[in-house]
Amino acid sequence: MGMTKRDFLRSIGAVAGVGATYHTMSAMGLLGPVMAQATAPELPLGSGYGKRVVILGAGISGMTAAYELSKAGYQCTILEATGRAGGRNLTVRGGDVIREVDNRQWVDFDQEDHLYANMGPARIPYHHRVILGYCKEFGVELEVFTNDNRGALFHNAEAFGGKTVTGRQVMTDLRGYVAELLAKAVNRNALDEELSGEDKEQVLAMLTAFGGLDPDHLYAGSNRSGYQGEQVHAGIAPGDVNDPLDFSELLKSDFWQYKLHFSQFLNQNPTLFQPVGGMDAIAKAFRARVGHLIQFQSVAEEIRKTSQGVRIVYEDQRRNQQGAIEADFAICTIPAPVLKDIPNDFAPETQAAIESIEFEHAVKIGFQARRRFWEEDHAIYGGISWTDQDITQIWYPSNGYHQRKGVIMGAYIWDDQPGQGLRFTQMTPPERLRTAMAEGEQIHPGYTDEIESGVSRAWLNVPFQKGGWPRNYAAPPELLEPDGAIYFAGDQATALPGWQEGAALAAHAAVAAIHARVTAS
Ligand code: PHE
């Protein structure tokens, strides 16, 4: 063909943009076949010299783009609407003040290193290679985040008389019953069409091991679910194994809908990590490298196309005046619910795509407890208790074990069926705390008395965010391509909504596409 790899990529970049270039690079092995995302696009030094890029938003995506582009000599400016870098990456500590549209909250936690709450991202799965790669490169220390804890509790108002049961019971017993049912079907020859005689024997052996069945292939409980009384394990002389939970109560509960297999979801699989001392260690590490490029309190008011590239008009709230910036390219990470209302020159399809993205009504509530009752009373170390009440979950800290106090997540709502996210959003902050404490009582009697202070974040109500993350599981294709010289990034421009990995990946894709276009011209 007489075309070099580079020519080929250039031509693709010129006509097809971000998604295509990136996928082609990946398909050609230029990004490494398996770990395509693991490394940033390494742009040749100086390759961006003389080119200006304006980046909208100093969240993880915007800062990633600025970091990579400026290394290659691009002249970058980040316009950030707030006074803070990090976007939804937000860790709160004692003394902080956080704002929503119509409220301000003072964080009244004690000032100790382990007493913080990650009000945005809080966990990083092992295969999120890009964000973990930056942690490694920047020396952000990590520790294991415990997502799945068999000692944590399951609660459903309609099952087991509203009493909590432990994860180990639910896991063990449901598995046992399912294995028993399947073994019965095999033994009644119901699966003869599917299984040969030899396979039948193997399946029965497998089910016995899998479910903890007795020699008759029945499930009669298992010591996997623990022992009765205070002591979970066998001790010096084995006590009585827990009676198996009632099967029909298990079926009545909502546990099996997703809570029970939550850690089976690819992005929730162990091992997961958290930065030591708070998720904002990542935002701070980026800020340390690109902070000089950020213009804070600069609110985008118009996004325009020009013959040379782009023109962004913004309100400079520090100087109380309007500003404008022209550049060859823009990378826009502004969340869709905010972006859709900014006057712009987007093509109608782009505007329609932006308007199609709905964000989750995510809410988190952090509580400081005077004592680590979850550890002391229940031997719960990290992990999640689940409930069908509005708070949905209680997270126990994966740090500060055996300290006196601790910060737990007293609510984490993302699913807005049937409206719990919105209900919490519409409450005042004190009402949110009271409601979350009352619901927590159903899981931990005496809960309210253990709690010293709390703080909430309803992302729908946060200026310049207007939501948690996209509900759609894949970005509209229009956002994977530039509109003129305007490229889109942020987790909303990926199939990883609600993950910092998506934010960083989208930045890499935009950077790669801009690079391809610049080298092609
Ligand atoms: N990443 C976030 C979390 O782990 C938000 C999220 C939840 C994203 C569920 C997708 C699915 O909670």
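Quick caveat, the model's predicted, so the values are computed rather than measured. (Residues numbered from 1 in each chain as written. Predicted model: local features only at pLDDT ≥ 70, side-chain atom pairs only at ≥ 80, totals over all residues. Heavy atoms only, no water.)

Applying the stated criterion to the full structure yields 27 salt bridges. Among the ionic pairs, Glu360 bridges to Arg471, the shortest N-O distance being 3.2 Å. Note that Glu360 is positioned in the loop between helix H10 (348-356) and strand S17 (363-369) and Arg471 in the loop between strand S21 (451-458) and strand S22 (486-488), a separation of 111 residues in sequence. The partly exposed category is assigned to Arg471, whose relative accessible area is 29%. Taken together, the shared-partner salt bridges in this structure form one network comprising Asp110, Arg370, Lys405 and Glu452. (Salt bridge = Lys/Arg side-chain N within 4 Å of Asp/Glu carboxyl O. Helix = DSSP H or I, 4+ residues; strand = E, 2+ residues; numbered from the N terminus. Buried < 20%, exposed > 50% of the residue type's maximum accessible area, 1.4 Å probe, protein only.)

Turning next to the sheet that holds strand S2 (residues 75-79). Taking strand neighbours across the sheet as the criterion, the five strands line up as S12-S2-S1-S16-S22 in an open arrangement whose pairing is parallel. Here the strands that pair on one side only, and so sit at the sheet edges, are strand S12 (294-295) and S22. (Pairing = 2+ DSSP bridges.)

What follows concerns the environment of Ser263. One can find Ser263 in the loop between helix H7 (247-252) and strand S11 (272-275). When its relative accessible area of 13% is taken as the criterion, Ser263 is described as buried. It is 26 Å that separates the C-alpha atoms of Ser263 and Leu115, two residues lying 148 residues apart in sequence. Among all residues touching Ser263, those that are not within four sequence positions of it are Asp148, Gln268, Asn269 and Pro270. Within polar-contact distance, the side chain of Ser263 engages the side chain of Asp148 at 3.2 Å. (Contact = heavy atoms within 4.5 Å. Polar contact = N/O pair within 3.5 Å; in protein donor to acceptor, adjacent residues only side chain to side chain.)

Each α-helix winds once per 3.6 residues, and so residues spaced three or four apart point in a common direction. Relative to the 30 Å expected for 21 residues at 1.5 Å per residue, helix H5 (residues 167-187) spans 30 Å between its end C-alpha atoms, a close match to the ideal helical length. Just past H5, the residue Asn189 takes up positive phi, approximately 65°. (Expected span 1.5 Å × (residues − 1).)

Here the focus is the side chain of Lys200. Summarising the element assignment, Lys200 is placed in helix H6 (residues 197-211). Assessed through its relative accessible area of 16%, Lys200 is described here as buried. Apart from the residues lying within four places of it in its own chain, the contact partners of Lys200 are Val186, Asn189, Asp192 and Leu195.

The next subject is the sheet that holds strand S7 (residues 124-125). Sheet architecture is open: three strands sit in the order S7-S11-S8, paired in antiparallel fashion. The two strands at the open ends of the sheet, each matched to only one other strand, are S7 and strand S8 (142-145). Bridging between S8 and S11 involves four bridges; their strand directions are antiparallel. Looking across to S11, one finds that Val144 is bridged to Phe273.

Moving on: the environment of Ala283. One can find Ala283 in helix H8 (residues 280-290). Sequence spacing of Ala283 and Ser385 is 102 residues, and the spatial spacing of their C-alpha atoms is 28 Å.

Another point: empty space enclosed by the protein. Counted according to the given criterion, the structure contains three cavities of 30 Å³ or more. Here the largest cavity defines a volume of roughly 200 Å³. Lining the largest cavity are 15 residues, and of these Tyr116, Gln274, Trp395, Pro397 and Val407 sit closest to its centre. Taken together, the elements giving at least two residues each to the lining of the largest cavity come down to strand S6 (116-118), strand S19 (393-396) and strand S20 (406-413). When the residues that make up the lining of the largest cavity are grouped by side-chain class, the tally is 10 nonpolar, five polar and no charged. Its boundaries defined by the atoms lining it, the second largest cavity holds a volume of some 110 Å³. Of the residues contributing to the lining of the second largest cavity, the split by class is six nonpolar, four polar and three charged. (1 Å grid on protein atoms, 1.4 Å probe; cavity = no way out; pocket = protein on both sides within 12 Å on 5 of 7 lines; lining within 4 Å. Points joined across faces, edges and corners; volume = space filled by probe spheres on them. Nonpolar A, V, L, I, M, F, W, Y, C, P; charged D, E, K, R; others polar.)

Note that every value here comes from positions in space, so none of it alone points to a role or purpose.
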